[in-house]
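One-letter residues, chain by chain:
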Amino acid sequence: MKADDRNTLEQLWKTGERELEEAGCEEAKLDAWYLLEFVTHISRALYFCDKKKQVSFEEERCYLELIEKRKRHIPLQHLTKEREFMGLSFVVNQHVLIPRQDTEILVEEALSRLENGMEVLDMCTGSGCILVSLAHFRDLKKAVGVDISKEALVVAEENVRRNRVEAVLLESDLFEKVEEKFDMIVSNPPYIERKEIERLKPEVKEYEPRIALDGGEDGLDFYRILVDKSREYLKENGYLCLEIGYNQGEQVLKLLKEYGFFEIELIKDLAKLDRVCIGRWREMREVLD
């Protein structure tokens, strides 16, 4: 094949977009672009300055291989092995949930209550995106991430190193091996109702870890444990910050009230859906009539 037979950047992008559309990928044009950017290392600005530039045969081969994988609904982030979250770069793979923009709301709300020198526990840490973000934006005395999955903790450890923060990672079935108390416990636990998992899009139900999705029959299994047990591991006036499903706000609020939390807040996401629930814990507080 001669050099003149090589595809241009524009032609390759259009080919990728067309094939992803035919495969039913929702964000075909955008995904095709991200993969082109990943393979050729070109920015949008450079692309529009020189979109007739020919790509190498190796770049074309690599790009089309990735397009074939994306057509099978393998998540884009599993192909690029990377996801941006809170302006930071995170490694991701099939062992962890891909960080989502909605979870940035949990981090932002936690940061607004978090002061330098505090101690934080991230329960069900997964990729470590929450823990690492908190440790990056605050000078914490201690940052601890807990997960039951060894494979997830390997990913979290890499993200701790990548973002140059100080954190301790602990393999534990929830609080089983936790021994200290913290100023804040934060968590994005599994909260999908078991029957709903099969209705999720293929990228999620087939390629993300079910252990990180399944919240039990009603999606609330982990909240019941977290709200109950966190009281043993929170310092006086400590915060419990939870990401929740869009339809779980009232139920999680009720749990926090039943277990004696105060200053309880329900925060909505940009789509005006319930997304974060926060409460504070005090062992000896006055009961108001």
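Further up the page is the structure itself.
Conventions we followed
Each chain carries its own residue numbering, running from 1 in the written order of its sequence. Note on the predicted model: pLDDT of at least 70 is required for a residue's local features to be given, and 80 or more for side-chain atom pairs to be given and counted; whole-chain, interface and lining totals, by contrast, use all residues. Side-chain measures were taken over the full set of non-hydrogen atoms in the model, leaving aside hydrogen atoms and water. Lines are fitted to the C-alpha atoms to define the axes, a helix being fitted only along its stretch in contact, and any angle between axes, read from their N-to-C directions, falls within 0 to 180 degrees. For the purposes of this entry, the term helix denotes a DSSP run of H or I that reaches at least four residues, the term strand denotes a run of E that reaches at least two, and both are numbered from the N terminus. Between 65 and 115 degrees an angle is taken as roughly perpendicular, under 35 as roughly parallel, over 145 as roughly antiparallel, and anywhere else as oblique. Note on convention: the crossing is left-handed when the near helix lies turned anticlockwise from the far helix by less than a right angle, right-handed when the turn is clockwise. The contact rule is simple, with two residues in contact once any of their heavy atoms fall within 4.5 Å. Whether two strands pair depends on DSSP finding at least two bridges between them. Only protein chains enter the accessibility calculation, which uses a 1.4 Å probe; a residue whose area is less than 20% of its type maximum is buried, one above 50% is exposed, and one in between is partly exposed. When the strands point away from the viewer, a crossover counts as right-handed if the path from the first strand over the helix to the second runs clockwise.

Novice: Describe the packing of helix H1 (residues 9–22) against helix H4 (residues 57–71), listing the residues and the values that go with them.
Specialist: Running from N to C, H1 and H4 point in directions that differ by 15 degrees, and their axes come no closer than 10 Å. Taken as axis vectors, H1 and H4 run roughly parallel relative to one another. Considering the relative orientation of H1 and H4, their crossing is right-handed. In contact with Leu-12, Trp-13, Thr-15, Gly-16, Glu-19 and Leu-20 of H1, H4 contributes Glu-60, Tyr-63, Leu-64, Ile-67, Glu-68, Arg-70 and Lys-71.

Novice: So what about the sheet that holds strand S8 (residues 262–268)? Which residues, and what values?
Specialist: The mixed open sheet is built from 7 strands, whose spatial order is S5-S4-S3-S6-S7-S9-S8. A single partner strand is all that each edge strand has here, and the edge strands are strand S5 (168–171) and S8. Neighbouring strand axes in the sheet, compared pairwise and without regard to direction, differ in orientation by 15 degrees on average. Alignment of strand S4 (residues 142–147) against S5, held across 4 bridges, turns out to be parallel. Residue pairing for S5: Gly-145 is matched across the bridge by Leu-169. On top of the sheet, helix H7 (residues 129–137) reaches strand S3 (119–123), S4, S5 and strand S6 (182–187); it is set at about 175 degrees to S4, its chief contact. Against the sheet, helix H10 (residues 221–233) touches S3, S6, strand S7 (234–243) and strand S9 (274–281), its axis set at about 160 degrees to S7.

Novice: So, the pairing of S3: which residues are in play, and what are the values?
Specialist: The side chains of a regular strand alternate, first on one face of the sheet and then on the other. S3 sits mainly inside the fold: 5 of its 5 residues count as buried. The alternating pattern of S3 places Glu-119, Leu-121 and Met-123 on one face and Val-120 and Asp-122 on the opposite face, and all of these are buried. Bridge count between S3 and S4: 5 bridges; the pairing is parallel. Looking at the pairing, Met-123 lines up with Val-146 of S4. Of the crossover connections in this fold, the one passing from S3 over H7 to the parallel S4 is right-handed. Examined bridge by bridge, S3 and S6 share 4 bridges and lie parallel to one another. Looking at S6, one finds that Val-120 is bridged to Met-184.

Novice: Residue-level account of unusual backbone geometry, with values.
Specialist: Leave glycine aside and you will find that most residues have negative phi; peptide bonds, for their part, are mostly trans. Phi angles above zero are rare outside glycine, and Met-86 is one such case at about 55 degrees. Turning to its location among the elements, Met-86 is positioned in the loop between strand S1 (82–85) and strand S2 (88–91). You can call Met-86 buried: its relative accessible area is 14%. The phi torsion at Asn-237 lies on the positive side, around 70 degrees, for a residue other than glycine. With respect to the helices and strands, Asn-237 occurs in strand S7.

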